[in-house]
Amino acid sequence: MTWWPFARRGLVSIGRVALVGILSFPIHLFLVILTVFSWLTTVLGVGLVFAPLVQLLVRAYADARRDLAREWAGVEIPRPYRPRPAGAFIGSPRRWMWLVRDPATWRDLLWLVGGAPLGLAGGLAGLIALLYGVQGVVLVPVIASAASGYYGYGVTWPVDDLADFLLVPPQGALITAGALYCGPWLQWALARYDHSLLGPTRSAVLSVRVDRLTQTRTQVVDAQAAELRRIERDLHDGAQARIVALGMSLGMAEDLVRHDPDAAQALIAEARQASTKALAELRLLVRGIHPPVLAERGLLGGLRALALTLPLPVAVEAVDGELPGRPPAPVESAAYFAAAEALANVVKHSGATAAWVSLTYFGGALYVSVGDDGVGGAAARAGSGLAGVEKRLAAFDGSLRVDSPPGGRPC
């Protein structure tokens, strides 16, 4: 039954479009009337409370349609609404002005007006075509054969003679197949219409992007200042102090070399140990800024070298075998430290027996996935290492997503 998946997909799609089209027609009309009435009552003062409540209802319904578009047609529709300002409670003029100035409010109204007839027409078109084709395949031959020599009209199909009697079933089968084939396209077209008005406009996307970049720029400036303070503190408390002590030891040894060679030799040996420790601390400090292994081997090789130092087995691989070239050094460093922080959390908190890191390059973007078989419960809370990673990635228009259910073993 190789035809059944095709038929099932078409039937499901036609049923969904018909259901949404038929049910959405009265819903759209009701919400349009309610919206217009709520705005008109603003002159009486009632709309200050009524209009925001109606818009909550409209946006909830629009969110439901966004969910259907994603689940049924794979069309992602981001919410375009501007963030609500502080103190904009229902009934306040500030809340009302926020709704009026938001272009998404008026695009929702336009979507409601146009979606009522378009949804109904699309839903009925697919359903009528399917029923008409099935009628030709099944009902017309039954009616015509039962008439015993009388042809006439088989419901909506003309059956005037024997030739019609023989041609109607294949025609009905062709129409049925066409309706089943077009069903998913009708579903996709409905989702695209929703996306055209319920999704953010290009200017809205750019505005959100500017806001995000402004926020991340502030975070990056703060992070850089904190990093500089850390480097200064580490230098002052570590290598700098050891180098000062080294100079003092060498000066004392210089004074003692003629009078007490043994004491001078001991001071020189102490100075040599101090220089070794200072060098190790400087190397550790530089490794925290940009690991040498990352510069030498790239991101994939650097993560593999990092995995060898961990107390549990960590598999590191690129999904397509190798990355197509190296990303810019700052991006590479941010991705490396993000993976390193995630692996550090795995070692400290997860109780895992194994972990893995996968690198994927797709659509001009680099994806780094870190997973383990531990107990879960990780979250990018304020002040946590993962929250710091999120801020660091945001500087490069990146993002962090954590999927770690408590007690679970996420894939």
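This is a predicted model, so every value here is computed, not measured.

What counts and how
- Residues numbered from 1 in each chain as written.
- Predicted model: local features only at pLDDT ≥ 70, side-chain atom pairs only at ≥ 80, totals over all residues.
- Heavy atoms only, no water.
- Helix = DSSP H or I, 4+ residues; strand = E, 2+ residues; numbered from the N terminus.
- Buried < 20%, exposed > 50% of the residue type's maximum accessible area, 1.4 Å probe, protein only.
- Contact = heavy atoms within 4.5 Å.
- Areas by Shrake-Rupley, 256 points an atom, 1.4 Å probe, with all protein chains shown as cover.
- Phe/Tyr/Trp six-rings, centres within 6.5 Å; stacked < 30°, edge-to-face > 60°.
- Lys NZ or Arg CZ within 6 Å of the ring centre and 35° of its normal.
- Pairing = 2+ DSSP bridges.
- Axes fitted to C-alpha atoms, helices over the stretch in contact; angles between N-to-C directions.
- Expected span 1.5 Å × (residues − 1).
- Salt bridge = Lys/Arg side-chain N within 4 Å of Asp/Glu carboxyl O.
- Parallel < 35°, antiparallel > 145°, perpendicular 65-115°, else oblique.
- Left-handed = near helix turned anticlockwise from the far one by under 90°.
- Nonpolar A, V, L, I, M, F, W, Y, C, P; charged D, E, K, R; others polar.
- Polar contact = N/O pair within 3.5 Å; in protein donor to acceptor, adjacent residues only side chain to side chain.
- Bend = angle between axes of the 7 residues up to and from the residue.
- Core = buried A, V, L, I, M, F, W, Y, C linked by side-chain atoms within 4.5 Å.
- pLDDT = per-residue confidence, 0-100.

Participant: Give me the lowdown on the overall build of the protein chain, citing residues and values where you can.
Facilitator: When helices and strands are counted, the protein chain shows 10 helices and five strands. By the burial criterion, 34% of the 411 residues in the protein chain qualify as buried. In the protein chain, the share of contacts with a sequence separation of at least 24, taken over all contacts with a separation of at least 6, comes to 66%. Of the roughly 24400 Å² that the protein chain leaves accessible, carbon and sulfur atoms contribute 65%.

Participant: Explain the packing of aromatic side chains to me, using residue names and the numbers behind them.
Facilitator: Throughout the structure, instances matching the rule amount to six aromatic pairs. Ring geometry for Trp185 against Trp188: centres 6.1 Å apart, planes inclined by 80 degrees, an arrangement best described as edge-to-face. Pair noted here: Trp185 and Trp188 are both in helix α5 (residues 162-198), with a separation of three residues, about one helical turn. An aromatic cluster of three or more residues is present, and its members are Trp39, Trp96 and Trp106. The ring of Tyr81 is capped by Arg59, whose NZ or CZ atom sits 3.9 Å from the centre of that ring. A cation sits over an aromatic face here: Arg59 above Trp98, 5.2 Å from the ring centre.

Participant: Residue-level account of the sheet that holds strand β3 (residues 314-318), with values.
Facilitator: With respect to topology, three strands assemble into an open sheet ordered β3-β4-β5, the strand pairing being mixed. Across the chains shown, the open sheet's two edge strands, defined by having one partner strand only, are β3 and β5 (365-372). Sheet twist, expressed as the mean angle between neighbouring strand axes with direction ignored, is 15 degrees. Sheet topology places β3 next to strand β4 (residues 355-362); five bridges connect them, and they run parallel.

Participant: Give me the lowdown on helix α2 (residues 47-73), citing residues and values where you can.
Facilitator: Taking 1.5 Å of rise per residue, the 27 residues of α2 would be expected to cover 39 Å, and the 37 Å separating its terminal C-alpha atoms lies within 8% of that figure. For α2, every residue scored as buried is listed here: Gly47, Ala51, Pro52, Val54, Gln55, Val58, Arg59, Tyr61, Ala62, Arg65, Arg66 and Ala69. Where α2 terminates, the next one or two residues include Gly74, which has phi positive at roughly 70 degrees.

Participant: Account for the pattern of salt bridges, with residues named and values stated.
Facilitator: Applying the stated rule across the entire model yields five salt bridges. Among the salt bridges present, the one from Arg59 reaches Asp102, with a minimum N-O distance of 3.5 Å. Taken together, the residues Arg59 in helix α2 and Asp102 in the loop between α3 (93-101) and α4 (103-146) connect sequence positions 43 residues apart. This pair shows no difference in class: Arg59 is buried, exactly as Asp102 is. The partner of Arg65 in a salt bridge is Asp194, and the shortest N-O contact between them spans 3.1 Å. With Arg65 in helix α2 and Asp194 in helix α5, this pair connects stretches of sequence that are 129 residues apart. We note that Arg65, like Asp194, is buried.

Participant: Break down the packing of α2 against α3 for me, with residues and values.
Facilitator: For the pair α2 and α3, interaxial distance at closest approach is 9 Å and the crossing angle is 45 degrees. Overall, the two elements α2 and α3 adopt an arrangement that is oblique. You can see that α2 and α3 cross each other, and the crossing is left-handed. Where α2 abuts α3, its residues Gly47, Leu48, Ala51, Pro52, Gln55, Leu56 and Arg59 lie against Pro93, Arg95, Trp96, Trp98 and Leu99. Grouping the constituent residues of the contact of α2 with α3 by class yields eight nonpolar, two polar and two charged.

Participant: Tell me about the pairing of β4, and please be specific about residues and values.
Facilitator: In this sheet, β5 lies alongside β4 in antiparallel orientation, the contact comprising eight bridges. Note on β5: the bridge partner recorded for Ala355 is Asp372. In this structure, the hairpin formed by β4 and β5 is closed by a connection of two residues, where Gly363 is found at a positive phi of approximately 60 degrees.

Participant: Residue-level account of the side chain of Asp194, with values.
Facilitator: Taking relative accessible area as the criterion, Asp194 reaches 3% and is therefore assigned buried. Separated by 3.1 Å, the side chains of Asp194 and Arg65 make a polar contact. In this structure, Asp194 is in contact with Arg65, Ile77, Trp111 and Gly199, ignoring residues within four places of it in sequence.

Participant: Which residues make up helix α1 (residues 3-40), and what are the values?
Facilitator: For α1, built from 38 residues, the straight-helix expectation of 56 Å at 1.5 Å per residue is met to within 8% by its first-to-last C-alpha distance of 55 Å. At Ser24, α1 is bent by approximately 35 degrees, the largest bend along its length, and proline Pro26 sits one to four residues beyond.

Participant: Tell me about the nonpolar core, and please be specific about residues and values.
Facilitator: Judged by nonpolar contacts, the single largest core of 23 residues is most densely connected at Leu303, Val314 and Tyr336. In terms of residue count, helix α8 (residues 292-308) provides more of this core than any other element does, eight residues in total. One finds Ala62, Tyr81, Leu109 and Leu197 within the second-largest nonpolar core, a separate group that totals 19 residues.

Participant: An account of the confidence of the model for the protein chain is needed here, citing residue identities and associated values.
Facilitator: The predicted model of the protein chain has a mean per-residue pLDDT of 80, with 80% of residues at 70 or higher. Mean pLDDT across the secondary structure elements of the protein chain bottoms out at strand β1 (residues 153-154), with 49, and peaks at α2, with 92.

Participant: Describe the environment of Ile14, listing the residues and the values that go with them.
Facilitator: Considering the arrangement of structural elements, one finds Ile14 in helix α1. Considering only alpha carbons, one finds Ile14 and Trp185, 171 residues apart in sequence, at a separation of 9.5 Å. Setting aside its immediate chain neighbours within four residues, Ile14 contacts Gly126, Leu127, Leu130, Ala179, Leu180 and Gly183.

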